[in-house]
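One letter stands for each residue in the lines below.
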Amino acid sequence: MSKHNWIVKDINDKNYLISKETDFSLFKYGVHIPKDIYSRIFSIFEDFKPNIELGKSINIKLLIDNNIEFIKLRNINAQGRTSETFHFRYQSNIEIVNIFRSVFKTSYQYILKHKDGKKQVKIPDQYKEYIDFYKTDESNTYRLELRPCINSLFNIEEFIQEKSVILKNFYKYLYNNGKIDRAYQMSYKPILMIAMLNLEKKYNKMLLPYEEICEEIIRIYNEERINKGLPLEQEKSDLKEEKLNPNFIRTLMIDNSVKVFKNKGYIILEKIDGKEYLKFNSELYNVLTDEDREKLLELLWDKFYQYYAEKVDINNDDDDDDDDDDDDESVFEEQEFQTETENEIAAVIEEPLENVENYNESLDFIYDYIRNKGFTYEKKQIKNLFLSLKSKQFAILSGISGTGKSKIIELFAEAIGATRENGRYTLIPVKPDWSDSSELIGYRNLQGEFIPGELTNIIHRAIHDKDRPYFICIDEMNLARVEYYFSDVLSLMESRKEVDGEFKTDRILKDESFGEDDDSRERYGDLYIPENIYIIGTVNMDETTFPFSRKVLDRAFTIEFNHVDLEFDFDFEEKDIESRNIHNDFLKSSFNKLIHCKDYKDTANDIIETLGDINNILYDSGDGFAYRVRDEIVFYCLYAFGGVLGEQNILEEEESLDLCLKQKILPRLQGNSSDILKTLINIYSYVNEGFNIEINGEYIDQKQLDSIKENNKESHYPETSKKIYSMIRRYIRDGFTTFWE
């Protein structure tokens, strides 16, 4: 007889099939079905067992308390397996996992406490819990009866006695990981709450100095290295009166302790006479009785212990092989489950979102935040980056090395709440050997499994977290040919259309990308580029890099970072400026087609008239632009001064058009023909009210060049004029010119 925990009970019910004892895999991604119970568990099918090809699955329904939950019956295609191996799989249904963890709390806690690598935990009889399987009248459907244990495992007093050791080990785990990651973010709020509860009980007061909280956390962690405390809840949350009751709080704590801190403002930061204090939200906290508060503390420790056991005790152990394949129900794809659940918790661990009403005030804040970090950019550069991303989700930052191109992206993102730590800012360095999109999008390996690229994984997270912006910096973008590895993404961006009130692109992956990998098809098959993804490429132009094609340039605003002010203000005083967690509406585009600008048609027509004049000049050298460039410049200008973002302009009209001409038109112009030189001169003359440049063949003397340079100081289009001057000088000197320096 096989070693497994499926048993047949003496239950007098003709529909009864079999019972399953709870185990670790039940609480993660699913359960293995041993061969010797096939005849019972598969009796709901017409044949002895379902005809499922290796690596394929069919849908199964579970009835739990009259609620329907969908899972899959899968014939696992696992390395080393030559025979059929069936699993019930539900890693994409987090709800059923929560049901099992909530109902079977006793066995779940016991398993977490005693789990050692991948070996199955033998649960004592007094803590065993079961699922009874029953047939139904419906095909492919089981009815489940959950049989929890009435004995309580968790002893809060015993646990509190060992908490200092546990917390010390927990911090050691985080420290050894080398970074503060989502695990830290999921843990610090319960630990902060515990510290405050301890101090509140000790001092009998609701208002506690920030320093004392930090000291208490250090005491709990028992680690001198945490000498600055933990991140703190700093946003005041709106409270709904109907939610202020102990029963609601207890229920919410059992379900997810972090939600209380995020949504209900349990902890508030206050400043009194310039000193920071943390306090419990008294309106919420005071509805708890002493008994409720003790229960709250117990629940916090309970949640933390479960988390600690999963992350530290289990994940840090070496993997051990089981003696019996049939008994090894946790071997398959634990990493897949961890990746799956990462997205489920992503939205929970963030602070409350802030909606922007005053765009100029918010851009001033971003400027101050970046400057306070010790980096100097012009405020117009911050506004320009914002308007470019608002108009199009793709921008290019060009310039000489070391001008802060990638840093401005990181700090801009950080200022509005998107960081490396929370996974909403990602830097992807380009490698010279990239010749297709596999590194970004994904590929199938030799085993036929789909391996997602980094961009695909980020998009998967962003789609599940649409209210928050996600930034992707593609660094040194032109170390490889952009058209080779990025053309698929560029084409996708142009497929945006409005679906159910949201701008969506076509799917990023075709069905054939997955081959026979149904799990990946289910996970990634419907992905598109959502409205909260912003891609910014950085480029240096030298002998080691590749030029850009029109396809790339037409689809981006090219922002130049060549001017470097080496002066430094040593008297600048740093301020305590915290980042803000800003809603994606701040950056999300309101327009996708020109028809969407109908309410602003008068301003739009004025812009289009100017663009028409410029385009007529470009036609002489064969460099005219089409509708895409027109539309994106109109979008930019309407955001800047057209009233879309409020009465106060972000930039003035000529200032906006000046940047658009430089960033969308001039990058297209390059070559060694006389037509290029004439085009540059004619554009210069147009934006400078007929300024006359005399040309002798293909030569302009130094006196003329000096007059152009002097005129730039008074130009209404200084950015465009300076750039044209630079391009003309290069043509005169080298017989060839280009936008790139």
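Above: the structure in question.
Residues numbered from 1 in each chain as written. Predicted model: local features only at pLDDT ≥ 70, side-chain atom pairs only at ≥ 80, totals over all residues. Heavy atoms only, no water.

## Let's talk about the overall build of the chain
For step 1, the next point in the chain: Looking only at helices and strands, the chain has 25 helices and 20 strands in total.
For step 2, the next point in the chain: A buried classification covers 55% of the 741 residues belonging to the chain.
For step 3, the next point in the chain: By sequence separation, contacts in the chain at least 24 residues apart represent 73% of the contacts at least 6 residues apart.
For step 4, the next point in the chain: Accessible surface, the chain: about 34,700 Å² in total, of which carbon and sulfur atoms supply 43%. (Helix = DSSP H or I, 4+ residues; strand = E, 2+ residues; numbered from the N terminus. Buried < 20%, exposed > 50% of the residue type's maximum accessible area, 1.4 Å probe, protein only. Contact = heavy atoms within 4.5 Å. Areas by Shrake-Rupley, 256 points an atom, 1.4 Å probe, with all protein chains shown as cover.)

## Points about helix 15 (residues 405-415)
For step 1, the next point in the chain: Within helix 15, nine of the eleven residues are buried, which leaves the element mostly enclosed by the surrounding structure.
For step 2, the next point in the chain: Here helix 15 has its buried residues at Lys 405, Ile 408, Ile 409, Glu 410, Leu 411, Phe 412, Ala 413, Glu 414 and Ala 415.
For step 3, the next point in the chain: Backbone geometry just after helix 15 places Gly 417 at a positive phi near 100 degrees.

## Here's the deal with the nonpolar core
For step 1, the next point in the chain: Ranked by size, the top nonpolar core spans 124 residues in total, and within it Ile 366, Phe 394, Phe 471, Tyr 485, Phe 486, Ile 535 and Phe 586 carry the most contacts.
For step 2, the next point in the chain: With ten residues, the single largest contributor to this core is helix 21 (residues 627-641).
For step 3, the next point in the chain: Not counting residues within four places of it along the chain, the set of residues in contact with Phe 486 comprises Phe 394, Leu 440, Ile 474, Met 477 and Ile 535.
For step 4, the next point in the chain: One finds Val 31, Ile 37, Ile 41 and Ile 44 within the second-largest nonpolar core, a separate group that totals 40 residues. (Core = buried A, V, L, I, M, F, W, Y, C linked by side-chain atoms within 4.5 Å.)

## Some details on the pairing of strand 4 (residues 57-64)
For step 1, the next point in the chain: The sheet contact formed by strand 4 and strand 5 (residues 67-75) spans eight bridges and is antiparallel. Opposite Ile 64, over in strand 5, you have Asn 67 as the bridge partner.
For step 2, the next point in the chain: In this antiparallel pair of consecutive strands, strand 4 and strand 5, the connection spans two residues, and Asp 65 shows a positive phi of 55 degrees. (Pairing = 2+ DSSP bridges.)

## Brief notes about the packing of aromatic side chains
For step 1, the next point in the chain: Scanning the model with the defined rule gives 31 aromatic pairs in all.
For step 2, the next point in the chain: With a centroid separation of 5.5 Å and an interplanar angle of 40 degrees, the aromatic rings of Trp 6 and Phe 133 are classed as tilted. Of the two residues, Trp 6 sits in strand 1 (residues 6-7) while Phe 133 sits in strand 7 (residues 130-135), which places them 127 residues apart along the sequence.
For step 3, the next point in the chain: Take Trp 6: its relative accessible area is 3%, and that puts it in the buried class.
For step 4, the next point in the chain: Just above the ring of Tyr 130 sits the side chain of Lys 9; from NZ or CZ to the centre is 4.2 Å.
For step 5, the next point in the chain: The ring centre of Tyr 639 lies 5.6 Å from the NZ or CZ of Lys 390, which sits over that ring. (Phe/Tyr/Trp six-rings, centres within 6.5 Å; stacked < 30°, edge-to-face > 60°. Lys NZ or Arg CZ within 6 Å of the ring centre and 35° of its normal.)

## Things to note about the environment of Glu 531
For step 1, the next point in the chain: Tracing the chain through its elements places Glu 531 in the loop between helix 18 (518-524) and strand 19 (533-539).
For step 2, the next point in the chain: Sequence spacing of Glu 531 and Phe 503 is 28 residues, and the spatial spacing of their C-alpha atoms is 6.4 Å.
For step 3, the next point in the chain: A polar atom in the side chain of Glu 531 sits 3.3 Å from the backbone nitrogen of Phe 503. (Polar contact = N/O pair within 3.5 Å; in protein donor to acceptor, adjacent residues only side chain to side chain.)

## Some details on the environment of Asn 672
For step 1, the next point in the chain: The topology assignment puts Asn 672 in the loop between helix 22 (653-665) and helix 23 (674-687).
For step 2, the next point in the chain: A relative accessible area of 55% means that Asn 672 is categorised as exposed.
For step 3, the next point in the chain: Separated by 59 residues in the primary sequence, Asn 672 and Tyr 731 place their C-alpha atoms 7.4 Å from one another.
For step 4, the next point in the chain: Those residues in contact with Asn 672, other than ones at most four positions away along the chain, are Tyr 731, Gly 735 and Phe 736.

## Quick look at the pairing of strand 5
For step 1, the next point in the chain: As paired strands, strand 5 and strand 6 (residues 86-89) are joined by four bridges and run antiparallel to one another. Residue Asn 75 lies in a different strand from strand 6, and its bridge partner there is Phe 86.

## Looking at unusual backbone geometry
For step 1, the next point in the chain: Of note in the backbone geometry, Asn 140 takes a positive phi value of approximately 60 degrees without being a glycine.
For step 2, the next point in the chain: Checked against the element boundaries, Asn 140 lands in the loop between strand 7 and strand 8 (141-147).
For step 3, the next point in the chain: A residue is classified by how much of its surface remains accessible, and Asn 140, at 23% relative accessible area, is partly exposed.
For step 4, the next point in the chain: Positive phi, close to 55 degrees, is recorded for Asp 500, a residue that is not glycine.
For step 5, the next point in the chain: Mapping Asp 500 onto the fold places it in the loop between strand 17 (497-499) and strand 18 (502-504).

## Looking at the packing of helix 14 (residues 379-391) against helix 21
For step 1, the next point in the chain: Here helix 14 crosses helix 21 at 125 degrees, and the two axes come no closer than 9 Å. As judged from the angle between their axes, helix 14 and helix 21 are oblique. In this structure, helix 14 crosses over helix 21, and the sense of that crossing is right-handed. On helix 21, the residues that touch Asn 384, Leu 387, Ser 388, Lys 390 and Ser 391 of helix 14 are Glu 632, Phe 635, Tyr 636, Tyr 639 and Ala 640.
For step 2, the next point in the chain: For the contact of helix 14 with helix 21, the class distribution of residues is five nonpolar, three polar and two charged. (Axes fitted to C-alpha atoms, helices over the stretch in contact; angles between N-to-C directions. Parallel < 35°, antiparallel > 145°, perpendicular 65-115°, else oblique. Left-handed = near helix turned anticlockwise from the far one by under 90°. Nonpolar A, V, L, I, M, F, W, Y, C, P; charged D, E, K, R; others polar.)

## Quick notes on the packing of helix 20 (residues 601-619) against helix 22
For step 1, the next point in the chain: Between helix 20 and helix 22, the least distance of the axes is 12 Å, while the angle of their chain directions is 40 degrees. What the angle tells us is that helix 20 and helix 22 run oblique. The element helix 20 and its partner helix 22 pack so that their crossing is right-handed. Mapping the contact onto sequence places Ile 607, Leu 611, Ile 614 and Leu 618 in helix 20 and Leu 657, Leu 661 and Ile 665 in helix 22.
For step 2, the next point in the chain: Split into classes, the residues belonging to the contact of helix 20 with helix 22 amount to seven nonpolar, no polar and no charged.

## A word on the sheet that holds strand 16 (residues 470-475)
For step 1, the next point in the chain: The sheet built from five strands is open, its strands ordered 13-16-19-12-20 with parallel pairing. Because the sheet does not close on itself, it has two edges, and the strands there are strand 13 (425-429) and strand 20 (557-560). Going across the sheet, the axis of each strand differs from the next one's by a mean of 20 degrees, ignoring polarity.
For step 2, the next point in the chain: Pairing of strand 12 (residues 394-398) with strand 19, which is carried by five bridges, proceeds in the parallel orientation. Bridged to Ile 396 within strand 19 is Gly 537.

## Here we look at empty space enclosed by the protein
Gaps between atoms show up when a probe of the same size as a water molecule is rolled over them.
For step 1, the next point in the chain: Evaluated as defined, the whole model comprises three cavities of 30 Å³ or more.
For step 2, the next point in the chain: Space inside the largest cavity adds up to approximately 70 Å³.
For step 3, the next point in the chain: Residue lining of the largest cavity: Leu 26, Val 31, Leu 62, Ile 71, Phe 88, Tyr 90, Phe 100, Ile 131, Phe 133 and Leu 144, and that is the complete set.
For step 4, the next point in the chain: The residue makeup of the lining of the largest cavity, split by class, is ten nonpolar, no polar and no charged. (1 Å grid on protein atoms, 1.4 Å probe; cavity = no way out; pocket = protein on both sides within 12 Å on 5 of 7 lines; lining within 4 Å. Points joined across faces, edges and corners; volume = space filled by probe spheres on them.)

## Let's talk about the sheet that holds strand 5
For step 1, the next point in the chain: Strands sit in the order 1-2-7-8-4-5-6-3 across an open sheet of eight strands; the sheet is mixed. Either end of the sheet is taken by a strand with one partner, and the two such strands are strand 1 and strand 3 (30-33).
For step 2, the next point in the chain: As paired strands, strand 4 and strand 8 are joined by four bridges and run parallel to one another. Its bridge partner lying in strand 8, Leu 62 is registered against Tyr 142.

## Considerations on the pattern of salt bridges
For step 1, the next point in the chain: All chains considered together, the criterion is met by 37 salt bridges.
For step 2, the next point in the chain: Taking the shortest distance from any N to any O, the salt bridge between Glu 410 and Arg 420 comes out at 3.1 Å. Separated by ten residues along the polypeptide, Glu 410 in helix 15 and Arg 420 in the loop between helix 15 and strand 13 bring together distant segments of the chain.
For step 3, the next point in the chain: Given a relative accessible area of 14%, Glu 410 falls into the buried group.
For step 4, the next point in the chain: Since its relative accessible area comes to 45%, Arg 420 is described here as partly exposed.
For step 5, the next point in the chain: Between Lys 588 and Asp 585 there is a salt bridge, with the nearest N and O atoms lying 3.2 Å from each other. (Salt bridge = Lys/Arg side-chain N within 4 Å of Asp/Glu carboxyl O.)

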